[in-house]
Amino acid sequence: MGISLALHVLSVVIWVGGMFFAYICLRPVAAAQLEPPVRLNLWRGVFGRFFPWVWAAIVLTPLTGVGMVMARGGFAAALPYVHIMTLLGFIMILIFLHVFFAPFKRLKRHLDENDIPAAAKQLNLIRIMVGINTAIGLITILVATAGKYYLV
C-alpha cells in the first residue's frame, strides 16, 4: 500500500504541479516576452516534454488509486470523498486526452505548415482546457486531503 500511495501522490504532484507552473508562471511570461512564432514553438517543445509525464500519470494515478480502494474493500466501502476524487480524476484524464489528440495534434500540424494564426487558435484552446484541468486538479487535491474530514 505504501508504494501505491507514493506513486499515486507523485503522479498527481507531477501532473497538477506541472499544469500549475505552466498556466500560472510560464504562460504569462511567454505571452508578454515572445512573438507568436517563437511562443508557439516554445509551447510545442514544453508540451512535448511534459505530456509523456502526463501519460505516465494517467496510467499510474488510476491504477494505484483503484488498487488502494480495492485493498480496502472496494468502492462500495469507500467514503464519498473517494468517489468524488475518482470522478474528478477521470474527468481530468478525459480533458487531457482531448487536448492531446485534438488541439495539440492540430497545433503541431499548423506549426509544421507555418500557419501561425491557426496554431495560435489551437494554443488558446489548450490554454483554456489546461486552466480547467488545473482548477479541477487543485480541487481534487483538496478533496483527497481534506475530504475525509468534511465529506464523510
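To keep things clear, this report deals only with the structure shown in the data block.

Conventions we followed
- Residues numbered from 1 in each chain as written.
- Predicted model: local features only at pLDDT ≥ 70, side-chain atom pairs only at ≥ 80, totals over all residues.
- Heavy atoms only, no water.
- Helix = DSSP H or I, 4+ residues; strand = E, 2+ residues; numbered from the N terminus.
- Buried < 20%, exposed > 50% of the residue type's maximum accessible area, 1.4 Å probe, protein only.
- Contact = heavy atoms within 4.5 Å.
- Areas by Shrake-Rupley, 256 points an atom, 1.4 Å probe, with all protein chains shown as cover.
- Phe/Tyr/Trp six-rings, centres within 6.5 Å; stacked < 30°, edge-to-face > 60°.
- Core = buried A, V, L, I, M, F, W, Y, C linked by side-chain atoms within 4.5 Å.
- Patch = residues over 30% accessible without salt bridge, like charges linked within 9 Å, V, L, I, M, F, W, Y side chains within 5 Å.
- Salt bridge = Lys/Arg side-chain N within 4 Å of Asp/Glu carboxyl O.
- Expected span 1.5 Å × (residues − 1).
- Arc of directions from axis to C-beta.

**Concerning the overall build of the protein chain**
Part 1 of the reasoning: Assigned secondary structure in the protein chain consists of five helices and zero strands.
Part 2 of the reasoning: For the protein chain, the residues scored as buried account for 36% of the 152 residues in total.
Part 3 of the reasoning: Excluding contacts between residues fewer than 6 apart, the proportion of contacts in the protein chain whose partners are at least 24 apart in sequence is 77%.
Part 4 of the reasoning: When the accessible surface of the protein chain is summed, it comes to about 8,700 Å², and 72% of that surface belongs to carbon and sulfur atoms.

**Focus: the packing of aromatic side chains**
Part 1 of the reasoning: In total, this model carries 14 aromatic pairs according to the counting rule given.
Part 2 of the reasoning: Their ring planes at 90 degrees and their centres at 5.2 Å tell us that Trp 55 and Phe 100 sit as a pair that is edge-to-face. Here Trp 55, found in helix α2 (residues 36-71), pairs with Phe 100, found in helix α3 (residues 80-101); they are 45 residues apart in sequence, far enough to count as distant.
Part 3 of the reasoning: Residue classification places Phe 100 among the partly exposed residues on the basis of a relative accessible area of 21%.
Part 4 of the reasoning: For the ring pair Phe 96 and Phe 100, a centre distance of 5.9 Å and an interplane angle of 35 degrees mean the geometry is tilted. Remark: Phe 100 and Phe 96 occur in helix α3; sequence separation between them is four residues, near one turn of the helix.

**What about the side chain of His 110?**
Part 1 of the reasoning: Note on placement: His 110 falls in helix α4 (residues 103-112).
Part 2 of the reasoning: With sequence-adjacent residues up to four places away left out, His 110 is seen in contact with Asp 115, Ala 118, Ala 119 and Gln 122.

**Focus on the nonpolar core**
Part 1 of the reasoning: Membership of the largest hydrophobic core comes to 34 residues, with the highest contact counts inside it found for Trp 15, Phe 47, Phe 51 and Leu 107.
Part 2 of the reasoning: With nine residues, the single largest contributor to this core is α2.

**Focus: a nonpolar patch on the surface**
Part 1 of the reasoning: There is a patch of nonpolar side chains on the surface, built from Phe 20, Ile 24, Leu 138 and Ile 141 and spanning about 310 Å² of accessible area.
Part 2 of the reasoning: Elements that contribute at least two residues to the nonpolar patch include exactly α1 (2-33) and α5 (116-150).
Part 3 of the reasoning: Tracing the backbone shows Ile 24 in helix α1.
Part 4 of the reasoning: Accessibility expressed as a relative area gives 44% for Ile 24, which makes it partly exposed.

**A closer look at α3**
In an α-helix, one turn spans 3.6 residues, which is why side chains three or four residues apart end up on the same side.
Part 1 of the reasoning: Relative to the 32 Å expected for 22 residues at 1.5 Å per residue, α3 spans 32 Å between its end C-alpha atoms, a close match to the ideal helical length.
Part 2 of the reasoning: Inspection of α3 places Tyr 81, Val 82, Leu 88, Met 92, Ile 93, Ile 95, Phe 96 and Val 99 among the buried residues, and these make up the whole buried set. Seen along its axis, α3 keeps its buried residues to an arc of 165 degrees; they face one direction. Residues of α3 that are exposed and angled more than 90 degrees away from the buried face: Leu 87, Leu 94 and Phe 101.
Part 3 of the reasoning: Buried residues along α3 sit against α1, α2, α4 and α5.

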